[in-house]
Amino acid sequence: MKLRDIIDFNTFPIDDAEFRAACKKEFDHTGVFLMPRFVQKQAIDAVRDEGLANKEKVFKSTKQHNVYLTHKDESFPDDHARNRLVTSSKGCITDDLMPQNSALRTLYNAPVFRSFLCDVLGEEAMHEYADPLSSINLHFAEKGEELGWHFDNSSFAITLMVQAPEKGGTFEYVNAVRDADVGEMGFDKVDEILDGKKPVEAVSVEAGTLVFFRGRNSIHRVAPNEGDLTRILAVLAYNAEPGIELSEAARMTFYGRLN
């Protein structure tokens, strides 16, 4: 599939400098940027069908973790924000199981797309992961499954909705909860969010929507899928430097294998 069969260049001229600058301005201002119907219907339907055809290869996991995605800190009590546990349950298809001719792979590897990402994100380069599993992932959330509240370790995330759920499965976030660079972990705010005492932003996206998000200091989750239709989300993962691998511990946690 050609790139112009995947991206709607009329609506999203990602090769245009003025368009790139406008996208960067909005993303820098809000920390979240949505591009609805960025991937055209024929292409997103093909990605969905690929995922469903390979559903038996999904690695399913249910984990409890704190919002900081770190090990327990014994210097804090169990009910402290630092150690409070949330649940994440999902299925994943890894990069090595994605078809070589997939529209997802064409999009991921396209130089004009990577250049666009660099301009919007303020990075000099976009490199794939050195390990064979982590660059492109398809996440599956069945009814009742969710992604618990957490902060990202990376400075940005790029996702593409492949199949939206019928009900639930919304992306929820609260901006500027912590400042990891100066060691301010936002414990009081985290407690308020986990206790349901603080308003959150909620975003429902349709199939084909590309989403940019800065999640290092903004806490976020995917609410439980409340419908019978599986929520399918593609994660397009890049690094600013070449040769980066996801750690072996992380690969075993997320994928159940190293390669």
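Up top is the structure these notes are about.
Engineer: Please explain helix H3 (residues 41-53) as it appears in this structure.
Structural biologist: Side chains three or four residues apart in an α-helix point the same way, a direct result of the helix having 3.6 residues per turn. Here H3 spans 18 Å end to end across 13 residues, near enough to the 18 Å set by a 1.5 Å rise per residue. Within the span of H3, buried status applies to Ala43, Ile44, Asp45, Val47, Glu50 and Gly51.

Engineer: What's the story with the sheet that holds strand S6 (residues 157-163) in this structure? I'm lost.
Structural biologist: Judged by pairing direction, the sheet is antiparallel, and its 7 strands sit side by side in the order S1-S9-S6-S11-S4-S3-S2 without closing on themselves. Two strands lie at the open edges of the sheet, namely strand S1 (32-35) and strand S2 (59-65), each paired on one side alone. On average, each strand axis in the sheet is inclined to that of its neighbour by 30 degrees, with strand direction left out of account. In terms of strand pairing, strand S4 (residues 136-141) meets strand S11 (residues 231-236) through 6 bridges, oriented antiparallel. In the strand pairing of S11, Asn137 is matched with Val235. Most of the contacts of helix H7 (residues 248-255) go to S2, to which it runs at about 115 degrees, and overall it touches S2, strand S3 (86-93) and S4.

Engineer: Would you take a moment to explain the nonpolar core for this structure?
Structural biologist: Within soluble globular proteins, side chains that are nonpolar generally end up buried alongside one another. Among the nonpolar cores identified, the biggest contains 44 residues, and Phe38, Phe113, Phe116, Phe212 and Leu236 are the most heavily contacted of them. Per element, the largest residue contribution to this core is 6 residues, and it comes from helix H5 (residues 111-121). The contacts of Phe113, once residues within four sequence positions are left out, are Ile14, Phe38, Leu107, Leu210, Leu236 and Tyr238.

Engineer: Please explain the packing of helix H2 (residues 17-30) against H5 as it appears in this structure.
Structural biologist: How two helices sit against one another is set out by the angle between their axes and by the gap between those axes. Two elements in contact, H2 and H5, have axes separated by 8 Å at closest approach and are oriented at 45 degrees. With respect to each other, H2 and H5 are oriented oblique. The way H2 lies across H5 gives a crossing that is right-handed. Facing H2, whose interface residues are Phe19, Arg20, Cys23, Lys24, Phe27 and Asp28, H5 presents Val112, Ser115, Phe116, Asp119, Val120 and Leu121. Here the residues of the contact of H2 with H5 are counted per class, giving 7 nonpolar, 1 polar and 4 charged.

Engineer: What exactly am I supposed to notice about the pattern of salt bridges here?
Structural biologist: Any two side chains of opposite charge can pair, so long as their charged atoms come close to each other. Under the criterion given, the structure shown has 19 salt bridges. For Asp49, the salt bridge goes to Arg48, with nearest N and O atoms at 3.1 Å. When its relative accessible area of 41% is taken as the criterion, Asp49 is described as partly exposed. Residue Arg84 is joined to Asp195 by a salt bridge in which the shortest nitrogen-to-oxygen separation is 2.9 Å. Note that Arg84 is positioned in the loop between S2 and S3 and Asp195 in the loop between helix H6 (187-194) and strand S8 (201-203), a separation of 111 residues in sequence. Overall, the relative accessible area of 41% leaves Asp195 in the partly exposed class. By sharing partners, the salt bridges in this structure join Lys41, Asp45, Arg48 and Asp49 into a single network.

Engineer: Help me out: how do you make sense of the pairing of strand S7 (residues 171-174) in this one?
Structural biologist: Looking along a regular strand, one sees side chains alternate from face to face of the sheet. Where burial is concerned, the two faces of S7 agree: the one with Phe171 and Tyr173 and the one with Glu172 and Val174 are both buried. Alignment of S7 against S8, held across 3 bridges, turns out to be antiparallel. Looking across to S8, one finds that Tyr173 is bridged to Glu201. Bridge count between S7 and strand S10 (residues 219-222): 4 bridges; the pairing is antiparallel. By the bridge assignment, Glu172 is partnered in S10 with Arg221.

Reading the values: the criteria
In this numbering scheme, every chain counts its residues from 1 along its sequence in written order. Restriction of local features to residues with pLDDT of at least 70 applies here, the model being predicted, together with a cutoff of 80 or more for giving and counting side-chain atom pairs; totals for whole chains, interfaces and linings are based on all residues. The basis for every side-chain value is the complete set of heavy atoms in the structure, and neither hydrogens nor water enter the calculation. A run of H or I in DSSP becomes a helix once it reaches four residues, and a run of E becomes a strand once it reaches two; helices and strands are each numbered from the N terminus. Here, expected helix span is obtained from the residue count minus one, scaled by 1.5 Å. The buried label goes to any residue with under 20% of its type's maximum accessible area, the exposed label to any with over 50%, and the partly exposed label to all in between, with areas taken from a 1.4 Å probe on protein chains only. For two strands to count as paired, DSSP must find a minimum of two bridges between them. Every angle, taken between N-to-C directions, lies between 0 and 180 degrees, and every axis is a line fitted to C-alpha atoms, over only the stretch in contact when it is a helix. Here a residue-residue contact requires only that any non-hydrogen atoms of the pair lie within 4.5 Å. Residues belong to a common nonpolar core when they are buried Ala, Val, Leu, Ile, Met, Phe, Trp, Tyr or Cys residues joined through side-chain atoms within 4.5 Å. For this classification, under 35 degrees means roughly parallel, over 145 means roughly antiparallel, 65 to 115 means roughly perpendicular, and everything else is oblique. It is the rotation of the near helix from the far one that decides the hand of a crossing: anticlockwise by less than a right angle makes it left-handed, clockwise makes it right-handed. Each residue receives one of three labels: charged for Asp, Glu, Lys and Arg, nonpolar for Ala, Val, Leu, Ile, Met, Phe, Trp, Tyr, Cys and Pro, and polar for the others, Gly being one of them. Between Lys or Arg on one side and Asp or Glu on the other, a salt bridge is scored when a side-chain nitrogen of the former is within 4 Å of a carboxyl oxygen of the latter.

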